[in-house]
Amino acid sequence: MYEDFASKLAATMWADFDVTPDRDGPTAGVEITDLSTRVIDGNFPWTLVTVETDDGTVGVGEAYPSPGVHEIITDYLRPVLVGENPTDVERLYNLMRASLSGRGSQQGVGTIAISGVEIALWDATGKLLDLPVYQLLGGKMRDSVRVYADCHGGDAMVSSAEEGQTEETYRPEAYAAAARSAVDDGFDIVKFDLDVPAGHGGDRKARHLETAEVEHKRRLVEAVTDEVGTEAEVAVDLHWNFSPEAAEALCRAIAPYDVAWVEDPLPPENTDALAELGRRVDLPLLTGENRYGRHGFRDLIEDEAVAFLAPDVPKTGGIAETKKIADLAETHYRTLVPHNIGSPVATVASVHVGAAVPNFLALEYHARDVPWWDDLVAGDDLIDDGRIEVPDGPGLGIELDWGVVDEHER
Ligand SMILES: [Mg+2]
């Protein structure tokens, strides 16, 4: 049903998006033959996207884990892209958006599906041209990209010091041990979820924190910063859970500990409220994982509402769209710290953006509790001493170990 609809719709678009294929280089005449997805059972359902071409090239991307992505890609975007040249990445990005116009081309799962395909198109293009993606974006600004460790919080906390997860994980000492473990692994930015209720009083629905809960959270931050000293920067994530009053009380309590950033203190939709909180507290704020595309970031950047922006590459529009967000952010001297909960594919896609733009501080790494994360890629571990070396191979520059993918496929 969708294929017919998509094909009819795409036919009306193709005329507008048609260009003369006048190239006679190595990519002349190459056509996309198939799009497909595979889901890996990681700490999220990591959704790989493959673009196949008639010369045997396979580009691999990743879409943010979301219901409906598989259907949109295979039933909807596949008939739009089959027969197209994969190296026309920007034109195909706009064609995909046009074909989903009114059906998620601006945000949500439609944009997520497009993002996954866009990353796969860059990988295929780099492989066809024998160039790394960062080179296609204009070359690299750095040889390695800093990665920060998401240590989670409470029952979900990642710590080699704790066997099993118990209420004990809400103790300041447990947070300090988790931070020590990450720093000993080479990370020099660690982040903790500070929104997890620890039982000292609050009201999630009213987004309220009682004083005793604020004090408990202050003690957690104190324990972590005491433990790591100047070995690492410490960030906290509040996951949109608090009111302006509660967020301000918490920010004031932890301000003396020089945290690197406070992430998502307020619900994500209201830029004015975030900017007002930013003026009232003496801490850098970060947001962005719920925003889509450069248009979704425009008011955050123009209002200078936060210090750091966290687009998610396989969600916000893909590699080129994230670079455009970085370029827009640069006009206000704002810096990217991208959100990332993905497999090595999403991670390395983000690394290529980080290589290509100056205003990139660090990339999230969310899978310290998945011991086989690095095994998904053939060769050496990607993350070494809290950094990922920018891959120099064609495309994304990584080769997946498909046996490990098979082993963990859903
Ligand atoms: Mg977050």
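Residues numbered from 1 in each chain as written. Predicted model: local features only at pLDDT ≥ 70, side-chain atom pairs only at ≥ 80, totals over all residues. Heavy atoms only, no water.

Asks: I keep staring at the coordination of the magnesium ion and nothing clicks. Help me out?
Replies: Coordination angles at a metal have ideal targets, namely 109.5 degrees for four tetrahedral donors and 90 or 180 degrees for six octahedral donors. Donor atoms from the polypeptide that bind the magnesium ion are Asp237 (OD), Glu263 (OE) and Glu289 (OE), placed at 2.1 to 2.3 Å. Each donor residue of the magnesium ion lies on the same chain, and together they follow the pattern D-x25-E-x25-E. Of this pair, glutamate 263 sits in strand E9 (residues 262-263) while glutamate 289 sits in the loop between strand E10 (285-287) and helix H10 (293-302), and the two are 26 residues apart along the sequence. There is no split in this pair, since glutamate 263 and glutamate 289 are both buried. (Donors = N, O, S within 2.8 Å, 3.2 Å for Na, K, Ca; no water. Helix = DSSP H or I, 4+ residues; strand = E, 2+ residues; numbered from the N terminus. Buried < 20%, exposed > 50% of the residue type's maximum accessible area, 1.4 Å probe, protein only.)

Asks: Where do I start with the environment of isoleucine 73 in this structure?
Replies: As for its position among the elements, isoleucine 73 is in helix H2 (residues 69-81). Isoleucine 73 sits in the buried class, given a relative accessible area of 0%. For isoleucine 73 and alanine 206, which are 133 residues apart along the polypeptide, the C-alpha to C-alpha distance reads 38 Å. Apart from the residues within four sequence positions on either side, isoleucine 73 is in contact with Leu35, Thr37, Val49, Arg78, Ala113 and Val117. (Contact = heavy atoms within 4.5 Å.)

Asks: I'm lost on the confidence of the model for the protein chain in this one. Help?
Replies: The predicted coordinates should not be examined in detail at positions where pLDDT is low. Scored by pLDDT, the protein chain has a mean of 93; 93% of the residues are at 70 or more. Long-range and interchain partners of residues 160-165, a stretch whose pLDDT sits below 50, account for 8 contacts in this model, where long-range means more than four residues apart. (pLDDT = per-residue confidence, 0-100.)

Asks: What is the right way to look at the pairing of strand E8 (residues 233-237) in this model?
Replies: Two faces belong to every sheet, and in a regular strand the side chains alternate between them. For E8, the tally of buried residues reaches 4 of 5 residues, placing the bulk of the element in the interior. Summarising the sheet, strand E5 (residues 189-193) and E8 pair through 5 bridges and their orientation is parallel. Bridged to valine 190 within E8 is valine 234. With 2 bridges connecting them, E8 and E9 associate as parallel partners. In the sheet register, valine 236 faces E9, and the bridge partner there is valine 262. You can see the chain leave E8, run along helix H8 (residues 244-254) and come back into E9, and the turn it takes is right-handed. (Pairing = 2+ DSSP bridges. Right-handed = clockwise from strand over helix to strand, strands pointing away.)

Asks: Even after reading the chapter, I still don't get the domain arrangement of the protein chain, so can you show me in this structure?
Replies: As a measure of interface size, the accessible area lost when the parts come together is often cited. Each domain of the protein chain was delimited in the assignment, giving domain 1 (2-130) and domain 2 (144-407). Domain 1 puts 30 residues into the contact, and the matching count from domain 2 is 34 residues. In total, domain 1 and domain 2 occlude about 2,600 Å² of area from one another, counting both sides; carbon and sulfur atoms represent 65% of this. Counting the contacts that link domain 1 with domain 2 gives 2 salt bridges. (Domains from an automatic or database assignment. Buried area = accessible area lost by both parts, 1.4 Å probe. Salt bridge = Lys/Arg side-chain N within 4 Å of Asp/Glu carboxyl O.)

Asks: What is the right way to read the sheet that holds strand E3 (residues 58-63) from this model?
Replies: Two orientations exist for strands paired in a sheet by backbone hydrogen bonds: parallel and antiparallel. Here we have 3 strands laid out as an open sheet, ordered E1-E2-E3, and antiparallel in their pairing. Sheet topology places strand E1 (32-41) and E3 at the edges, where each strand pairs with a single neighbour. Each adjacent strand pair in this sheet contributes to an overall mean axis angle of 25°, direction not counted. Pairing of strand E2 (residues 45-53) with E3, which is carried by 6 bridges, proceeds in the antiparallel orientation. The residue of E3 that forms the bridge with glutamate 52 is valine 58. Where H2 meets the sheet, its contacts fall on E1, E2 and E3, and the angle it forms with E1 comes to roughly 170°. (Axes fitted to C-alpha atoms, helices over the stretch in contact; angles between N-to-C directions.)

Asks: What am I meant to see in the packing of helix H12 (residues 319-330) against helix H13 (residues 344-356) here?
Replies: Describing two packed helices takes the angle between their axes plus the distance from one axis to the other. Two numbers describe how H12 lies on H13: the axes approach to 10 Å, and their chain directions differ by 35°. The handedness of the crossing between H12 and H13 is right-handed. Of the residues in H13, those touching H12 at Ile319, Thr322 and Lys323 are Ala349, Val353 and Ala356. (Left-handed = near helix turned anticlockwise from the far one by under 90°.)

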